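In case you want the letters, here they are:
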Number of protein chains: 2
Amino acid sequence: MPESVDDLLDALRAAGGRVTAPRRAVVGALVDAKGHVTAEELTALVRDKHPDVAESTVYRILDELERLELVVHVHLGHGPASYHLAQTPHAHLVCTTCNRVVEIPIARFARLTRQLETDHGFVPDYAHFAIVGRCEACREPARRPRRQPR
Amino acid sequence: MPESVDDLLDALRAAGGRVTAPRRAVVGALVDAKGHVTAEELTALVRDKHPDVAESTVYRILDELERLELVVHVHLGHGPASYHLAQTPHAHLVCTTCNRVVEIPIARFARLTRQLETDHGFVPDYAHFAIVGRCEACREPARRPRRQPR
DNA sequence: TTCGATGCAAATAGTTTGCATTCTA
DNA sequence: TAGAATGCAAACTATTTGCATCGAA
């Protein structure tokens, strides 16, 4: 599973693609971010050094990286999709109040998965759409919910 | 749990609202539809009889009905949200290939819910965001996936 | 020197909002 | 007849696309 900037750029090249300044910058930002970033956030990171990279270019680079299965995107609820490097697949718990995201191993869902498959022939894809709900801090009546801007 | 057109209109009136032709039509269409409908689908249904009801009006009526907890909306994946009358809360399994939706009782998730709460203090809200995956028919290698237009 | 990648602008989908007008209560 | 609800157009957010230009190989 390639995770360094050079590995990722090599993979792009190996797929017949070209290594350009925007691609270097997007891949670099993605590796540095080490987590979930939206296309908009990624564009902002890239523009620190390369102010005129277009957001559509960032989308296109992300699409290409996804096609090569180097990057994955998740829908964390309302709002834009988040992208991250393709690691071992994991599910996302998203708090609808504070927007915090917790990653949890798919293995935790083994029982439910078995049940859904047995009862409904349905194989869930936990990695691509989050499970939304409320986290501990935001349910605590005592503590104030730590609401975060979107 | 009010589910007849008159009950719903009464509830709107009781909340200080007014009963208008668009409201009658939207509530009627929602009751007739007996399932998940998008705002666009609902608008089309309403326009059979009342051709100049604006889609923004449908959204506003749906918002008001949700505020009164008479209607609920679900995000079934990509694409528009779906609305339905507020019945006993249920989760939605959505096939990413054929877009078919299966409703299943939240009770099925009891174990997972307990686990997520114990391990992460997280209380999932299965009713508001679907669980996506692939249904039996679409995984069958023999049968052709029955892909449906969006 | 070719053709893949980019920047820019415009298109798209889904939803929301501002405002003048309509119509219920 | 007050003010809630509506229609219409425009704004908005997230994303995609067309096209002329640029630049990596």
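Residues numbered from 1 in each chain as written. Chains lettered and ligands numbered in written order. Predicted model: local features only at pLDDT ≥ 70, side-chain atom pairs only at ≥ 80, totals over all residues. Heavy atoms only, no water.

Notes on the relation of the copies chain A and chain B
One copy of the chain maps onto the second through a rotation about an axis and a displacement along it.
So, step 1. Mapping chain A onto chain B is achieved by rotating through 180° and translating by 0.0 Å along the same axis, at an RMSD of 0.1 Å. Expressed as a symmetry operation, the mapping of one chain copy onto the other fits a two-fold axis. Closest approach to the rotation axis within chain A is made by the C-alpha atom of leucine 112 of chain A, at a distance of 3.4 Å.
So, step 2. Interface overlap between copies: 100% of the residues of chain A at the interface are likewise at the interface in chain B, consistent with a symmetric, same-surface contact. (Least-squares fit on C-alpha atoms with pLDDT ≥ 70 in both. Contact = heavy atoms within 4.5 Å.)

Focus: the sheet that holds strand β3 (residues 82–85) of chain A
Residue and element names in this part refer to chain A.
So, step 1. An order of β1-β3-β2 is seen for the three strands of this open sheet, with the pairing classed as antiparallel. The outermost strands of the open sheet, each flanked by one partner alone, are β1 (37–38) and β2 (71–74).
So, step 2. Pairing of β1 with β3, which is carried by two bridges, proceeds in the antiparallel orientation. Within the sheet, the bridge partner assigned to threonine 38 lies in β3 and is serine 82. (Pairing = 2+ DSSP bridges. Helix = DSSP H or I, 4+ residues; strand = E, 2+ residues; numbered from the N terminus.)

A closer look at the pattern of salt bridges
So, step 1. Counted according to the given criterion, the structure contains eight salt bridges over all chains.
So, step 2. The salt bridge involving glutamate 117 of chain A is made with arginine 139 of chain B; its shortest N-O contact spans 3.5 Å. Taken together, the residues span two chains, with glutamate 117 of chain A in helix α5 (residues 110–120) and arginine 139 of chain B in helix α6 (residues 136–139). (Salt bridge = Lys/Arg side-chain N within 4 Å of Asp/Glu carboxyl O.)

As for the protein's contact with DNA strand C
So, step 1. The local shell around DNA strand C holds 21 residues, among which Thr20, Thr57 and Arg60 of chain A together with Arg18 and Tyr59 of chain B are the closest.
So, step 2. The sugar-phosphate backbone supplies 71% of the atoms of DNA strand C found within 4 Å of the protein.
So, step 3. In this structure, arginine 23 of chain A approaches DNA strand C through a side-chain N or O atom, which is 2.9 Å from a phosphate oxygen.
So, step 4. A distance of 3.0 Å is found between a phosphate oxygen of DNA strand C and a backbone nitrogen or oxygen belonging to alanine 81 of chain B.
So, step 5. For the surface near DNA strand C, the secondary-structure elements that each account for two or more residues are α2 (21–33) and α4 (55–67) of chain A together with α4 (55–67) of chain B.
So, step 6. Here the element with the most residues in the surface near DNA strand C is α4 of chain A; it accounts for four residues.
So, step 7. Taken together, the residues that form the surface near DNA strand C break down as eight nonpolar, six polar and seven charged. (Near = heavy atom within 4 Å. Polar contact = N/O pair within 3.5 Å; in protein donor to acceptor, adjacent residues only side chain to side chain. Nonpolar A, V, L, I, M, F, W, Y, C, P; charged D, E, K, R; others polar.)

Overview of the nonpolar core
For soluble globular proteins, the rule of thumb is that nonpolar side chains tend to be buried together.
So, step 1. Core analysis: the biggest nonpolar cluster contains 28 residues, and Tyr126 of chain A together with Tyr126 of chain B have the highest contact counts within it.
So, step 2. At the level of secondary structure, the elements contributing two or more residues to this core comprise β4 (90–95), α5 and α6 (136–139) of chain A together with β4 (90–95), α5 (110–120) and α6 of chain B.
So, step 3. Apart from residues lying up to four places away in sequence, tyrosine 126 of chain B is in contact with Ile131 of chain A together with His90, Ala91, His92, Ile106, Phe109, Leu112, Thr113, Leu116 and Ile131 of chain B. (Core = buried A, V, L, I, M, F, W, Y, C linked by side-chain atoms within 4.5 Å. Buried < 20%, exposed > 50% of the residue type's maximum accessible area, 1.4 Å probe, protein only.)

Concerning helix α3 (residues 39–49) of chain A
Residue and element names in this part refer to chain A.
So, step 1. All of the buried residues in α3 are Ala39, Leu42, Thr43 and Val46. Each buried residue of α3 sits inside an arc of 100° when the element is viewed along its axis, so together they form one side. Opposite the packed face of α3, turned more than 90 degrees from it, sit the exposed residues Glu40 and Asp48.
So, step 2. Elements in contact with the buried residues of α3: α2, β1, α4 and β3. (Arc of directions from axis to C-beta.)

Details of the environment of leucine 116 of chain B
So, step 1. Here leucine 116 of chain B shows up in helix α5.
So, step 2. For leucine 116 of chain B, a relative accessible area of 1% puts it in the buried group.
So, step 3. The residues contacting leucine 116 of chain B, other than those within four sequence positions of it, are Leu93 and Ile104 of chain A together with Gly121, Phe122, Pro124 and Tyr126 of chain B.

Points about empty space enclosed by the protein
So, step 1. Here the structure, examined in full by the defined rule, presents one cavity of 30 Å³ or more.
So, step 2. Estimated volume of the largest cavity: approximately 80 Å³.
So, step 3. Along the walls of the largest cavity sit Asp125, Tyr126, Phe129, Ala130, Ile131 and Val132 of chain A together with Asp125, Tyr126, Phe129, Ala130, Ile131 and Val132 of chain B, which together make up its complete lining.
So, step 4. Elements represented by at least two residues in the lining of the largest cavity include exactly β7 (131–134) of chain A together with β7 (131–134) of chain B.
So, step 5. Among the residues forming the lining of the largest cavity, the class breakdown is ten nonpolar, no polar and two charged. (1 Å grid on protein atoms, 1.4 Å probe; cavity = no way out; pocket = protein on both sides within 12 Å on 5 of 7 lines; lining within 4 Å. Points joined across faces, edges and corners; volume = space filled by probe spheres on them.)

Let's talk about the domain arrangement of chain A
Residue and element names in this part refer to chain A.
So, step 1. The domain boundaries assigned to chain A delineate domain 1 (5–85) and domain 2 (90–143).
So, step 2. Computed over C-alpha atoms, the centres of domain 1 and domain 2 are 25 Å apart.
So, step 3. If you look at the interface, domain 1 gives seven residues, while domain 2 gives ten residues.
So, step 4. Summed over both partners, the interface of domain 1 with domain 2 buries about 680 Å², with 67% contributed by carbon and sulfur atoms.
So, step 5. On the surface where domain 1 and domain 2 come into contact, there are zero salt bridges.
So, step 6. Taken together, the residues of the side of domain 1 that touches domain 2 sort by class into two nonpolar, five polar and no charged. (Domains from an automatic or database assignment. Buried area = accessible area lost by both parts, 1.4 Å probe.)

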